[in-house]
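Each chain, letter by letter, is given below.
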Amino acid sequence: MELTLAHRDLDGVLQWLRPSAGGQVVQQADEPMQGTHQWINSNICITEWLDVESQKILFVEGRPGFGKSVLAARLAEICRQRSDSPLVILYEFSNQSGPSTLAASILSQLLHCPEIQPDDKALKLIVTELQELGNENRLGPSGCRFIKLWDLALRALAIPRTKWAQVFVIVDGLDQYDFNTNISLMGFLESLKDSSRVARVRVAVFTRPQCEILSFASSFPSRCLQVSLTEELLASDIELFAANKFDSLQIPSRFNDMTLERIRQDAKGSFLWAKLLLKYLSEPWTEIEYLERLRGCPPDLSSTYDTMLEDGAALFTKDTPGAAARHRFSQQRRKTLLLVCEAREPLSLVEIGRAVSIGHYNVEKTLMDRCKPLLFVSEARLHFIHASAKEYLTDQSRLRFVTGEEGAILFRASDSHRSLAWECLSCLLDPEYAEKGRIGYFIHRSFGKFLQEELIPEPSRGLSFRYAARHWDFHLTAIEDPDAELLETTRQFIDSFQFAFWSEWSIERTGNTSRVFDVWRALRTWTASLPKDKQALICLDDYFVGPYLALSEAYRDAEAEDKVLQWLALMRVGRYYVDKGETEKAMPIRREVKDGLIAVLGTSHPLTLRARTDYGLSQTFEGNYQEAYDEFKAIVEIEENSYGETSKELYRTLMAMGETELYLLLFHDSVSTQEKAALGFLKFYSQDSKQYLSARMWLCYPLIELGKLDVAFEILFYVFQKRTEGYGPDDMFAASSRFSMGGIQRKQGNREAIKSLEEAFRVRHQLYNLTSMWALDFAIELLIAYRDFGEEAKAAKLLEDLDSEGAGDRLFNRHCQVEHVRSLLRWDSGKRDQAIDLLQGLLIAADREDYNRALLWIALDLALMLRARGGEGDNHQAEANFDHILVDCKLSSSSSHRCVRQRLIDKKSGRNSGNAETHSVRVIEALASWRSGAKDKEQHTSDDKSAREEVYNSGDMEPDPPHTLRLAEKALTLVRNRKFAEVDELMREEQFDWFRVQDLWLWSGGPAADTSWMRPPLGVTSVIFHGFTAAAPTAAEEYG
């Protein structure tokens, strides 16, 4: 598709990048003073770095307070003077500003370049990719993967019509950022090193003497330059700095010499200590006080902070006597510092004033009187004067020096998080946010109704809503030992309408429920780490569902005002259940929503069509594929007639229809439908978009069934590569594509399958328990791979995990798969009788209506095992297990055949897919009872007829004759080997049909694992019987 910037709005991209631009000025760094830093001109490393041909990174290291930020600003000033049009990025790292926002800041400045031509092809592609990133990271670029943004920044630098003759990137405070899974410190440094060579970007890094950073610089002496800020190097600059401060601080000139001498002796390279000392000396009112302070001045930063805080408290006490006033002063100071300490972004004066109960009058002066010299104000927000100020507050080594007086302050990071969590929850529980009309406004906007954006009222207590909504869970889960009152407040919020308001606000800003789920997962992990007595104080069972069900009830009671909202609130619940993997709970909810919206809006309204599509997808989870397919076809017809090919919803429905065709074994139709959906998405999105890549990934599943493994793998690899580049290896979408790649590798005998499947499973299991099919399917495929490649120990450990978490207890088809592999492992280890008993017991416990494709593959492998064992009655039992798989069309006119067959075909309970929870549990309990000895071996191995009767449990049907049993085994083996044309020919020649074709249908899942295609029982690769070779499928046989 030809892209133009009319379609990909450059202004929108710049707006999305804009939050990163503000991260460049954080600390209160003095302007470089005239006459200082003269040593730069003679420093060999810096002059080499400034050279036009230089491709080296400059590392400047110095201890806290040594003036690194001021020096970085001076270096930026020098760079701007080096050429006519340089681009100079001076960026300061902090907990809020890291690698991704640095890359975004560079992109923002590059794309603002007035000489970039809008029709530049490279620019179009960059803007398009940034817009796709923005669609999935609406809160800004900080959540994006650095590698992707950095690549885009380097590509933007390569656009020929930019005005920048030279590009300088100066990074300050690298040691202040906590590197995580987005990018490691070493990975970030490697990227900087490569960019200096490939894109000719001059990079300078300012840092404390951190071993890992300096070790990197030392490892590449030919690519890195190092400058150490020493006491000797900085001595003259500190003296000049101090001398220039005397006049502005009104220090009497007769004290200049002795003051300079004290600074020469004790500064030890610290500009910050000298600056604080001069501020401390400038406050006395008498010469005696000045001299006393000069003689007893604190020797280091920590003691300087101590002294100045104590003086501040003493001055307040002198001006405002009384114990109550002193206590209020102390509490306000402590709480202010607690809030600022671990805040995720700078807090405003208004927020702090409200939180610490300071009136609106002169908040800045009041806070500064209490917190100087640790804080300063910039753009009405509070910042630490220096990183060392925060470290001072949390330095536990000071504990023995803190005597408990009013001026002494010391706390742990968890204390700060506790205070912030309290203020966030206080804000979020404001009654304003429980107003149903305000929540309904957000719900309507989220579902596409055009409404003007409404301002969110500020709370009466706590921090701002924006801050609280973004960070409440971060602070809460950082508390290792929360008190009961905080836990009760958390529970109150989770159960409230205010939670729904927060949820809708989050959904609008992210475009999906990812933020809501991230919080649930964080809370689940956190609560599990708490002591048992405290775990009981907070329950997540009704997380999200409780508030929305209550909200739906409230909207129903007020139906005269809005007839739609009750159904939209319920639609949220259905989606939540699906995303959580509890698909059986979504089915009744989605049915109710569909019927309700049809009654209110009719069958063709866009909201109704969305509800019908949701219900169709739930039908697939229940195994009702034909019903779902018919519904999707009807929806597609409405969307094509009403909205034409300009509707994005049309292609989403087509993708769902193609998915259903896959389950119905209509593989060629599924390929065609998914290709149509993918091409349709390209009318609205790029080839890197999630929508297009989703359709391409779903295209691979029918291709795999058709044996086009190489084609499918190539597509999946492209999807995996694109998602990993943009979102990292832990992206859920990337994990799904890697899972399917691993499945193909396993089928082709490539041991790389284990690595692919382990990584995919790791990502899924981080988010879902093994009771959820979204993780269970990945675990089963990995279990198959372990056995296929002889990793018995790993297989045994995974089986333990599956058993301990109760995996498959709700899903009978998955239970069949797990037991199938368990039996094969026992067979392979020589426990043949145990392996056979396990599978035979599973077949006996299952009613005929419970049959599914996993159980049919069990019957095939069990037949191989029985014949290989060759015991008395084994051959007869092998045949008996294929009873009522086929129906003889010449005999099917009998009333008993018609009655029972129709009864089984018409089952709409979902048992076919294994998602009818109660029924599946009953079958599994029956199997457990059978295993415990309720049935002895002779009962199920010597009497063919009784075993067959228990297999299909139909009561009024005769067992199939031997010819039909043998034909059924042959037909199933052909299906298992993907010889579909031969199956059809066999059925025509013999005049037979499937007793219930639903038994062969695929099922929906994460995607579902495949036990049809795996290594056969050890030692029985091929067994000849009745002139037919039963063999496990191999890639070599099927695809040459």
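- In the nomenclature of an unreviewed UniProt entry, the protein chain corresponds to Nephrocystin 3-like N-terminal domain-containing protein from the organism Podospora didyma.

Here's the deal with the overall build of the protein chain
Part 1 of the reasoning: In terms of helices and strands, the protein chain carries 48 helices and 11 strands.
Part 2 of the reasoning: Going through the 1040 residues of the protein chain one by one, you find that 58% of them count as buried.
Part 3 of the reasoning: Summed over all atoms, the accessible surface of the protein chain reaches about 43000 Å², with 50% contributed by carbon and sulfur.

A closer look at the packing of aromatic side chains
Part 1 of the reasoning: Counting across every chain of the model gives 40 aromatic pairs.
Part 2 of the reasoning: On the basis of an interplanar angle of 15° and a centroid distance of 4.8 Å, the ring pair of Phe255 and Tyr290 is categorised as stacked. On the criterion of sequence distance, the pair formed by Phe255 in the loop between helix H9 (231–248) and helix H10 (256–266) and Tyr290 in helix H12 (residues 287–295) is long-range, its members being 35 residues apart.
Part 3 of the reasoning: Judged by relative accessible area, Phe255 falls into the buried class, the value being 5%.
Part 4 of the reasoning: A relative accessible area of 4% means that Tyr290 is categorised as buried.
Part 5 of the reasoning: Taken together, a centroid distance of 6.5 Å and an interplanar angle of 85° make the contact between Phe499 and Phe544 edge-to-face. In this pair, Phe499 sits in helix H22 (residues 497–510) while Phe544 sits in the loop between helix H24 (532–535) and helix H25 (545–557), placing the two residues 45 residues apart along the sequence.

Here we look at the pattern of salt bridges
Part 1 of the reasoning: Taken as a whole, this structure holds 67 salt bridges when the rule is applied.
Part 2 of the reasoning: The closest approach of N and O atoms between Arg751 and Glu791, which form a salt bridge, is 2.8 Å. Here Glu791 lies in the loop between helix H36 (773–788) and helix H37 (792–804) and Arg751 lies in the loop between helix H34 (732–747) and helix H35 (752–767), a separation of 40 residues in the sequence.
Part 3 of the reasoning: Salt bridges sharing common partners tie together Arg746, Glu781, Arg787, Asp788, Asp828 and Arg1015.

A few points about helix H19 (residues 436–446)
Part 1 of the reasoning: Listed as buried for H19 are Arg438, Ile439, Gly440, Tyr441, Phe442, Ile443 and His444.
Part 2 of the reasoning: Those residues of H19 that are buried are in contact with H22, H25 and helix H26 (565–580).
Part 3 of the reasoning: The opening residue of H19, the one whose side-chain oxygen lies 3.2 Å from the backbone nitrogen of Gly437, is Glu435.
Part 4 of the reasoning: A positive backbone phi angle near 105° is found at Gly448, which sits one or two residues after H19.

Some words on the sheet that holds strand S1 (residues 57–61)
Part 1 of the reasoning: Here we have five strands laid out as an open sheet, ordered S2-S3-S4-S1-S5, and parallel in their pairing. Both edges of this open sheet fall to strand S2 (86–92) and strand S5 (224–228), since each of them pairs with a single strand only. Pairwise comparison of adjacent strand axes, ignoring direction, gives a mean angle of 15° for this sheet.
Part 2 of the reasoning: Of the pairings in the sheet, the one linking S2 to strand S3 (residues 166–172) comprises seven bridges and is parallel in character. The residue of S3 that forms the bridge with Pro86 is Gln166.
Part 3 of the reasoning: Along the sheet, helix H4 (residues 99–111) makes contact with S2 and S3, crossing S2 at roughly 150°.
Part 4 of the reasoning: The sheet strands contacting helix H8 (residues 211–219) are S1, strand S4 (201–207) and S5, and the helix crosses S5 at an angle near 130°.

Regarding the environment of Gly742
Part 1 of the reasoning: Here Gly742 lies in helix H34.
Part 2 of the reasoning: Taking the relative accessible area as the measure of exposure, Gly742 reaches 0% and is therefore buried.
Part 3 of the reasoning: For the pair Gly742 and Leu782, spaced 40 residues apart in sequence, the C-alpha separation works out to 8.7 Å.
Part 4 of the reasoning: The contact partners of Gly742, leaving out residues within four places of it in the chain, are Ala753, Ser756 and Leu757.

Comments concerning unusual backbone geometry
Peptide bonds are trans in most cases, and residues, glycine excluded, mostly fall at negative phi.
Part 1 of the reasoning: Cis peptide bonds are those with omega within 30 degrees of zero, and the linkage from Lys372 to Pro373 qualifies with 10°.
Part 2 of the reasoning: Note that Pro373 resides in the loop between helix H16 (363–371) and strand S6 (375–378).
Part 3 of the reasoning: The phi dihedral of Lys268 is positive, around 50°, even though this residue is not glycine.
Part 4 of the reasoning: Within the fold, Lys268 resides in the loop between H10 and helix H11 (271–281).
Part 5 of the reasoning: With a phi close to 60°, Gln991 is a non-glycine residue in the positive phi region.
Part 6 of the reasoning: Along the polypeptide, Gln991 turns up in the loop between helix H47 (980–990) and strand S9 (992–994).

Observations regarding the pairing of S3
Part 1 of the reasoning: Among the seven residues that make up S3, seven are buried, leaving the element largely enclosed by the rest of the structure.
Part 2 of the reasoning: Side-chain alternation along S3 places Gln166, Phe168, Ile170 and Asp172 on one buried face and Val167, Val169 and Val171 on a second face that is also buried.
Part 3 of the reasoning: Alignment of S3 against S4, held across five bridges, turns out to be parallel. In the sheet register, Phe168 faces S4, and the bridge partner there is Arg202.

Quick look at H10
Part 1 of the reasoning: Within the span of H10, buried status applies to Asn256, Thr259, Leu260, Arg262, Ile263 and Asp266. One side of H10 carries all its buried residues, which in axial view fall inside an arc of 160°.
Part 2 of the reasoning: Against H9, H11 and H12 lie the buried residues of H10.
Part 3 of the reasoning: Where H10 ends, the next residue or the one after it, Lys268, has phi of about 50°, a positive value.

Comments concerning the packing of H22 against helix H23 (residues 514–529)
Working note: a packed helix pair is described by the angle between its axes plus the distance between those axes.
Part 1 of the reasoning: The geometry of H22 relative to H23 is characterised by a closest axis approach of 8 Å and an angle of 125° between their N-to-C directions. In terms of their interaxial angle, H22 and H23 are classed as oblique. Residue-level inspection shows Trp502, Ser503, Ser506, Ile507 and Thr510 of H22 in contact with H23, the latter providing Ser514, Arg515, Val516 and Val519.
Part 2 of the reasoning: Split into classes, the residues belonging to the contact of H22 with H23 amount to four nonpolar, four polar and one charged.

Brief notes about the side chain of Thr304
Part 1 of the reasoning: Examined against the element boundaries, Thr304 turns out to sit in helix H13 (residues 301–319).
Part 2 of the reasoning: Note on Thr304: relative accessible area 2%, which makes it buried.
Part 3 of the reasoning: Within the structure, Thr304 has its side chain in polar contact with the side chain of Trp273 (distance 3.5 Å).
Part 4 of the reasoning: Each residue touching Thr304, except ones within four places of it in the same chain, is listed here: Trp273, Leu276 and Pro298.

Scoring rules and cut-offs
Each chain has its residues counted from 1, following the order in which its sequence is written. This being a predicted model, a pLDDT of at least 70 is required before a residue's local features are given, and a value of 80 or more before pairs of side-chain atoms are given or counted; all residues contribute to the totals for chains, interfaces and linings. To obtain the side-chain values, all non-hydrogen atoms of the structure were used and water was disregarded. By definition, any uninterrupted DSSP run of H or I lasting at least four residues is a helix, any uninterrupted run of E lasting at least two residues is a strand, and each is numbered from the N terminus. Any residue under 20% of the maximum accessible area for its type is buried, any over 50% is exposed, and the rest in between are partly exposed; the area is computed with a 1.4 Å probe on protein chains only. Only the protein chains shown count as cover for residues, with accessible areas throughout obtained via the Shrake-Rupley method and a probe of 1.4 Å. For Phe, Tyr and Trp, rings pair up if their centres lie within 6.5 Å, where Trp contributes its six-membered ring, and each pair is then called stacked (planes under 30 degrees apart), edge-to-face (over 60) or tilted (otherwise). By salt bridge we mean one thing: a side-chain nitrogen of Lys or Arg within 4 Å of a carboxyl oxygen of Asp or Glu. Contacts are assigned to residue pairs that have any heavy atoms within 4.5 Å of one another. For the purposes of these results, a polar contact is taken to be a pair of N or O atoms within 3.5 Å, where, inside protein, one atom must be able to donate a hydrogen and its partner to accept one; residues adjacent in sequence count only when each atom of the pair is a side-chain atom. Think of it this way: DSSP has to see at least two bridges between two strands before they count as a pair. Every angle, taken between N-to-C directions, lies between 0 and 180 degrees, and every axis is a line fitted to C-alpha atoms, over only the stretch in contact when it is a helix. Within this analysis, the arc is defined by the directions that extend from the helix axis to the C-beta atoms. For classification purposes, an angle smaller than 35 degrees is called roughly parallel, one larger than 145 roughly antiparallel, one from 65 to 115 roughly perpendicular, and anything else oblique. Note that Gly is not counted as nonpolar here; it falls among the polar residues with everything else outside the nonpolar set of Ala, Val, Leu, Ile, Met, Phe, Trp, Tyr, Cys and Pro and the charged set of Asp, Glu, Lys and Arg.

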